[in-house]
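Chain by chain, the residues run as shown.
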Amino acid sequence: MCGIIGYTGPKKADTVILGGLHALEYRGYDSAGIAFFEKGGALRSVKSAGKIACLENKLASEENVNTRCGIGHTRWATHGAPTDVNSHPHGNERLMLVHNGIIENSRELKLELEKQGYVFKSDTDTEAAALLIDACTRDGDRLAGILKAIKKIRGSYAFGILFADTPGEIWAARQDSPLIVGLGENENLIASDVTAILAYTRRYLALENGDVAKITRDTVTVYGADGAEVKREPQTALWDLAAAMRGGHAHFMHKEIYEEPDAVKKTLFPRIADGIPDFTPEGLSPDRIKAVRSVRIVACGTAYHAGLTGAAVLERVAGVRASAEIASEFRYRNPVIEADELVILISQSGETADTIAALRLAKAAGAFTLGIVNTVGSTVARESDAVLYTYAGPEIAVASTKAYTVQTALMTLFGVWTGLIRNTVSEDVARKYVSDLTVALPAEIKKIIAREKELKSIAADIAEKDDMFFIGRLFDATLAAEASLKLKEISYIHSEAYAAGELKHGTISLIEPGTPVVALSSEAGIREKMVGNMKEVVARGANLFVFAAGKEGTTELREMSKIAFVCPDCPETVAPIALATAMQLLAYQVSLARGCDVDQPRNLAKSVTVE
Ligand code: F6R
């Protein structure tokens, strides 16, 4: 999705802004632009469709870019094609504005502004916001004018604004789209996420809905929707810049997979006391958990798959009715939400529009909401009744990997804690889970990573095909869904994920000689049934690749498959989490073999802040 960076201070603003835009590339974008004050004070913009390198080339041939204040933007097209003209900033000789979000009433505003004599140059919704703010601020009162304009705007926005007659000053406003103010020494920044400011500062203020802020190199003033000054507490990012860089790996995705063993430990250890799980210090009381009649987990994409695993653990281990839902469906289907439900929102970014809407719906219905979030201070984290942070560190690659691993590990620990409270799990069983999760799981993930070469040889076979299947039962059916999503996202190979027992109810007709089938088998208890399903596809000529954990019954799996990837020592309790790493590395290797853009796959954005 789009990214915003703005800078005011003693440094060369264009250099800071381009650096910030590069840091935001991971969000996915198709064009970029920058606005700045020229040496003489005039306001200028340079914009380009394509990668940031295209913008850099344009800027290189510009004169007078020596500036100390400016704003920049990476755009992911929603209204209007990705062209130079549609790129941000938008505005005129008096004002330049960058925008994340969607202005829902832009047509209406445009008609009104055209009547006043404004001429539009782009197809974007943003230009209406820029010109509306211009119309409202022409009498000179910036704050009153911006407040007046945003009252007329319907939709979501994070704005960064420069006014030509006040060089060195940046104005910002937000509604349902994240925006932070980076607090430096004798310099300040605005950004749509922390990654963009880490080179300069780790301290920042998170603007809240309705806030308007005025930023100069040495002052930051935040106003609430009524125009009165408000205080926003400074926060400190837990991430440093090195963490946000590739650290010697060819791709962020690869680096992030390698970080999984540590991320699991970082996420779980703070929730363990005397060898058993304990979430009470994080605002979750055992009484509340006892009183919960059912748990509903709402999320999108990969986070939704983590939710499916979480729901399965809660039912199986804690004996509580639990389900997982896709947020974009949930929010519009008038769900019956009861006050004694626990609604869990899982989100890496904490800014996914549909997940935020689901959270608000659940809160309005009186349910207790729990955010499981990777980004400190994000909207889901701030608005949930309680929050459990996953400590995966910044996830830059568009395809989510380590976030999924820590989400599933944390949900498993949470399920065990719930079981302890509800007396479905003994202390001994809880201790075994804790040891499996914190010792065996990181160790097994490391072993899988060390076997990347084996995955590469399976990838070579898959990379040549256009279609394939992932099959599994129970936890492995969910893992199959996540494995299939990962492969589709970054290799553009079509794949189907199927509960293995369901294949013969129709989809098996697609299996033909040579079709690759990845069969997942992490549970010995259901292995015999899986073997039956594997035989069905082998009989139809499939190239079978088996991924399994444990020792029992694995000889037959090896005999049946073209290549078998078995983790003999991996405990069943954590096997579907560990095998997810193998699926991620497999997708990575297939993407490489097909020469795809691993970290920034086509059409996808990292943080989906529009519905
Ligand atoms: C897939 C992926 C997406 C996200 C989804 C939710 O690799 O990254 O499916 O999982 O967009 O994002 P968050 O977790 O930020 O709410």
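Note on numbering: residues in each chain are counted from 1, in written sequence order. In keeping with the predicted nature of the model, local features appear solely for residues at pLDDT of at least 70, side-chain atom pairs appear and are counted solely at 80 or more, and the whole-chain, interface and lining totals rest on all residues. Think of the side-chain values as coming from all heavy atoms in the structure, minus any hydrogens and water.

Trainee: What exactly am I supposed to notice about the nonpolar core here?
Mentor: What tends to happen in soluble globular proteins is that the nonpolar side chains get buried as a cluster. Only buried Ala, Val, Leu, Ile, Met, Phe, Trp, Tyr and Cys residues count toward a nonpolar core, and they belong to the same one when joined by side-chain atoms within 4.5 Å. Burial classes: relative accessible area under 20% of the type maximum marks a residue as buried, over 50% as exposed, and values in between as partly exposed (1.4 Å probe, protein chains only). Residues I344, F414, V518, F547 and M583 are the most contacted members of the largest nonpolar core, which totals 85 residues. Counting residues per element, this core draws most heavily on helix 19 (residues 575–593), at twelve residues. Setting aside anything within four residues of it in sequence, one finds F414 in contact with F279, L284, I289, L314, L342, I344, L370 and L388. Strands are runs of DSSP state E lasting at least 2 residues, helices are runs of H or I lasting at least 4, and numbering of each runs from the N terminus. Contacts are residue-level and defined by heavy atoms, with any inter-residue pair within 4.5 Å sufficient.

Trainee: Looking at this model, I keep getting lost on helix 17 (residues 527–538). Mind explaining?
Mentor: When the terminal C-alpha atoms of helix 17 are compared, their 16 Å separation across twelve residues agrees well with the 16 Å that a helix rising 1.5 Å per residue should span. Among the residues of helix 17, R527, M530, V531, N533, M534, E536 and V537 are the ones counted as buried. Tucked inside the fold, the buried residues of helix 17 contact strand 23 (467–472), strand 25 (516–521), strand 26 (543–549) and helix 18 (554–560). In a helix, the anticipated span is given by 1.5 Å times the number of residues less one.

Trainee: Mind showing me how you'd approach the pairing of strand 21 (residues 368–373) here?
Mentor: Both faces of the sheet carry side chains from a regular strand, because those side chains alternate between them. Across the six residues that make up strand 21, a large majority, six, are buried. A pair of strands is considered paired only if DSSP assigns at least 2 bridges between the two. Examined bridge by bridge, strand 20 (residues 341–347) and strand 21 share six bridges and lie parallel to one another. Within strand 21, the position partnered with L345 by the bridge is G371. Note on the crossover from strand 20 through helix 11 (residues 353–364) to strand 21: the handedness is right-handed. Orient the strands so they point away from the viewer, and a crossover whose first-strand-to-second-strand path over the helix runs clockwise is right-handed.

Trainee: Would you mind showing me how to read the site of the ligand here?
Mentor: Note on terminology: near, applied to a residue and a molecule or strand, indicates that one of the residue's heavy atoms is within 4 Å of it. S347, Q348, S349, T352 and E489 are the nearest of the 13 residues found near the ligand. We call two N or O atoms a polar contact when they sit within 3.5 Å, provided that within protein one can donate a hydrogen and the other can accept it, with sequence-adjacent residues counted only if both atoms are side-chain atoms. At a separation of 2.6 Å, an oxygen atom of the ligand approaches a polar side-chain atom of S347. A distance of 2.6 Å separates an oxygen atom of the ligand from a polar side-chain atom of S349. In these tables, accessible area is a Shrake-Rupley quantity obtained with a 1.4 Å probe, and a residue counts as shielded only by the protein chains included in the view. Burial of the ligand by the protein amounts to 90% of the accessible area it has alone, namely 400 Å². Judged by the fraction of its atoms near the pocket grid, the ligand is located in the largest pocket. Listing elements by their share of the shell around the ligand, those giving two or more residues are helix 9 (301–318) and helix 16 (475–491). The element best represented in the shell around the ligand is helix 9, accounting for three residues. Each residue gets one label: Ala, Val, Leu, Ile, Met, Phe, Trp, Tyr, Cys and Pro are nonpolar, Asp, Glu, Lys and Arg are charged, and the others, such as Gly, are polar. Taken together, the residues of the shell around the ligand break down into four nonpolar, seven polar and two charged. For cavity detection a 1 Å grid was placed over the protein atoms alone, and a set of points counts as a cavity when a 1.4 Å probe fits there but cannot get out; an open set counts as a pocket when protein lies on both sides within 12 Å along at least five of seven lines, with lining residues being those that have an atom within 4 Å of a point. Cavity and pocket membership follows a simple rule, namely that a molecule belongs there if more than half of its atoms are within 2 Å of the grid points.

Trainee: Would you mind going over empty space enclosed by the protein with me for this structure?
Mentor: Using a probe with the size of a water molecule, rolled over the atoms, empty space left in the structure can be pinpointed. Grid points are joined across faces, edges and corners, and a volume is the space filled by probe spheres set on the points. Enumeration over the complete set of coordinates arrives at six cavities of 30 Å³ or more. When its volume is computed, the largest cavity comes out at roughly 320 Å³. Around the largest cavity sit 27 residues that line it, and S192, D193, V194, S349 and T375 are the ones nearest its centre. Classifying every residue of the lining of the largest cavity by side-chain character gives twelve nonpolar, eight polar and seven charged.

Trainee: How do you make sense of the domain arrangement of the protein chain when you look at a structure like this?
Mentor: A common measure of how large an interface is: the accessible area buried when the components associate. For the protein chain, the domain assignment lists domain 1 (3–245), domain 2 (254–442) and domain 3 (451–593). Note that domain bounds follow an automatic or database assignment of domains. Each of domain 1 and domain 3 has a C-alpha centre, and the two are 46 Å apart.

Trainee: What exactly am I supposed to notice about the layout of surface pockets here?
Mentor: In this structure, the largest pocket spans a volume of roughly 520 Å³. Lining the largest pocket are 28 residues; nearest its centre among them are C300, G301, T302, K606 and V608. Classifying every residue of the lining of the largest pocket gives twelve nonpolar, eleven polar and five charged. In this structure, the lining of the largest pocket is formed jointly by two domains, domain 2 (254–442) and domain 3 (451–593), each of which donates at least three residues.

Trainee: Is there a simple way to think about the packing of aromatic side chains in this case?
Mentor: Ring pairs are drawn from Phe, Tyr and Trp, using the six-membered ring of Trp, whenever the two centres fall within 6.5 Å, and their geometry is named by plane angle: stacked under 30 degrees, edge-to-face over 60, tilted for the rest. Within this structure, the stated rule accounts for seven aromatic pairs. Taken together, a centroid distance of 6.4 Å and an interplanar angle of 45° make the contact between Y7 and Y200 tilted. Here Y200 lies in the loop between strand 10 (188–191) and strand 11 (203–206) and Y7 lies in strand 1 (residues 3–8), a separation of 193 residues in the sequence. Y7 sits in the buried class, given a relative accessible area of 0%. Accessibility expressed as a relative area gives 27% for Y200, which makes it partly exposed. With 6.0 Å between their ring centres and 45° between their planes, F414 and W417 make a pair best called tilted. Of the two residues, F414 and W417 both sit in helix 13 (residues 402–421), three residues apart, roughly one turn of that helix. Accessibility assignment for this pair places F414 and W417 in one class, buried. Ring-pair connections join several aromatic residues into one group, and the members of that group are F279, F414 and W417.

Trainee: Can you walk me through the pairing of strand 26 in this structure?
Mentor: By the criterion of burial, strand 26 is predominantly enclosed, with seven of the seven residues buried. On strand 26, burial covers both faces: N543, F545, F547 and A549 on one face and L544, V546 and A548 on the other are all buried. The sheet contact formed by strand 25 and strand 26 spans six bridges and is parallel. Bridge assignment links L520 to a residue of strand 26, and that residue is F547. For strand 26 and strand 27 (residues 563–567), the ladder comprises five bridges, and the chain directions are parallel. Bridge assignment links A548 to a residue of strand 27, and that residue is V566.

Trainee: Sorry if this is basic, but what is going on with helix 16 here?
Mentor: An α-helix turns once every 3.6 residues. As a result, residues three or four positions apart point the same way. Over its 17 residues, helix 16 runs 24 Å from end to end, which matches the ideal 24 Å to within 8%, given 1.5 Å per residue. In terms of residue burial, helix 16 counts as a mostly covered element, since 13 of its 17 residues are buried. Y492 lies just past helix 16 and shows a positive phi near 65°.

Trainee: Just checking my understanding: could you explain the side chain of H305 for this structure?
Mentor: Tracing the sequence through the fold places H305 in helix 9. Not counting chain neighbours up to four residues away, the residues in contact with H305 comprise Y404, T478, A481, E482 and L485.

Trainee: Even after reading the chapter, I still don't get the pattern of salt bridges, so can you show me in this structure?
Mentor: Side-chain pairs of opposite charge can arise where the charged atoms are in close proximity. The term salt bridge refers to a side-chain nitrogen of Lys or Arg lying within 4 Å of a carboxyl oxygen of Asp or Glu. Scanning the model with the defined rule gives 35 salt bridges in all. We note a salt bridge from E454 to R451, for which the minimum N-O separation is 2.9 Å. The exposure class assigned to E454 is partly exposed, which follows from its relative accessible area of 31%. D569 is paired through a salt bridge with K551; the nearest N and O atoms lie 3.1 Å apart. You can see D569 sitting in the loop between strand 27 and helix 19 and its partner K551 sitting in the loop between strand 26 and helix 18, a full 18 residues away along the chain. For K551, a relative accessible area of 58% translates into the label exposed. Taken together, the shared-partner salt bridges connect R296, E325, R333 and E341 into one network.

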